[in-house]
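# Survey of secondary and tertiary structure
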Amino acid sequence: MNRFVYYGYPPPYSSFPPPPHYQNEDVQHWEAMRLPKNVMYMTTVDPKFIENLIQHKGLMMVITTTVGKLIGTLDNVFIDHVALVVNGNFHHIRLCEIVYFEKAEEK
């Protein structure tokens, strides 16, 4: 829609219809709150990799990711990520970011 830019006083009439006004409700707000009905979540699953991780639950682990190494206790293994406790802080690491893992050497 082309709107004219006036350099001075606007004309005494409106060149386009005014926008519609809603009383005491925000229609767009309620539209945004509705969730889509056809949502499908997908993840890749490596059953043997997850099975090997589950065998190491509760042990000190070294998990090497695409960005570096984390050393901590393997707290839990989920379908798409693992929970690693490092110095009392939980780190949730996606399985697709893990390059390899190994049992940490006890000192």
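About the cut-offs
- Residues numbered from 1 in each chain as written.
- Predicted model: local features only at pLDDT ≥ 70, side-chain atom pairs only at ≥ 80, totals over all residues.
- Heavy atoms only, no water.
- Helix = DSSP H or I, 4+ residues; strand = E, 2+ residues; numbered from the N terminus.
- Buried < 20%, exposed > 50% of the residue type's maximum accessible area, 1.4 Å probe, protein only.
- Contact = heavy atoms within 4.5 Å.
- Areas by Shrake-Rupley, 256 points an atom, 1.4 Å probe, with all protein chains shown as cover.
- Core = buried A, V, L, I, M, F, W, Y, C linked by side-chain atoms within 4.5 Å.
- Pairing = 2+ DSSP bridges.
- Phe/Tyr/Trp six-rings, centres within 6.5 Å; stacked < 30°, edge-to-face > 60°.
- Axes fitted to C-alpha atoms, helices over the stretch in contact; angles between N-to-C directions.

### Examining the overall build of the chain
Along the backbone of the chain there are two helices and five strands. Per-residue burial over the chain gives 18% buried out of 107 residues. Looking at the chain alone, contacts between residues at least 24 apart form 38% of all its contacts between residues at least 6 apart. Put simply, the chain shows about 9,700 Å² of open surface, and 56% of that area lies on carbon and sulfur atoms.

### Considerations on the nonpolar core
Counting 13 residues, the largest nonpolar core has Leu53, Ile63, Leu74 and Val82 as the members making the most contacts within it. At the level of secondary structure, the elements contributing two or more residues to this core comprise α2 (47–54), β1 (60–65), β2 (69–77), β3 (81–86) and β5 (98–103). No other element matches β3, which puts three residues into this core. Excluding residues within four positions of it along the chain, valine 82 makes contact with Leu53, Ile63, Leu74, Asn76, Val77, His91, His92, Ile93, Leu95 and Ile98.

### Thoughts on the pairing of β1
The side chains of a regular strand alternate, first on one face of the sheet and then on the other. Burial within β1 is extensive, with five of its six residues counted as buried. With five bridges connecting them, β1 and β2 associate as antiparallel partners. Bridge pairing in β2 links threonine 64 to lysine 69. Remark: three residues form the turn of the hairpin made by β1 and β2, two consecutive strands paired antiparallel; glycine 68 in that turn has positive phi of roughly 155 degrees. Judged from the five bridges that link them, β1 and β5 form a sheet pairing that is antiparallel. Following the sheet pairing, isoleucine 63 is matched in β5 by phenylalanine 101.

### Thoughts on the packing of aromatic side chains
Inspection of the entire model under this criterion finds one aromatic pair. For the pair phenylalanine 49 and phenylalanine 101, a centre-to-centre distance of 5.5 Å together with 70 degrees between the ring planes defines the contact as edge-to-face. Of this pair, phenylalanine 49 sits in helix α2 while phenylalanine 101 sits in strand β5; the two residues are 52 residues apart in sequence, bridging distant segments of the chain. With a relative accessible area of 23%, phenylalanine 49 lands in the partly exposed category.

### Notes on unusual backbone geometry
Despite not being glycine, asparagine 87 has its phi angle at roughly 55 degrees, a positive value. For asparagine 87, the location among the structural elements is in the loop between β3 and β4 (89–94).

### Points about the sheet that holds β3
Strand pairing in a sheet takes place through backbone hydrogen bonds and is either antiparallel or parallel in direction. Pairing is antiparallel in the open sheet, where five strands are placed in the order β4-β3-β2-β1-β5. Either end of the sheet is taken by a strand with one partner, and the two such strands are β4 and β5. Put simply, the sheet's adjacent strands are angled 45 degrees from each other on average, direction ignored. For β3 and β4, the ladder comprises six bridges, and the chain directions are antiparallel. Residue pairing in the sheet places valine 85 in a bridge with phenylalanine 90 of β4.

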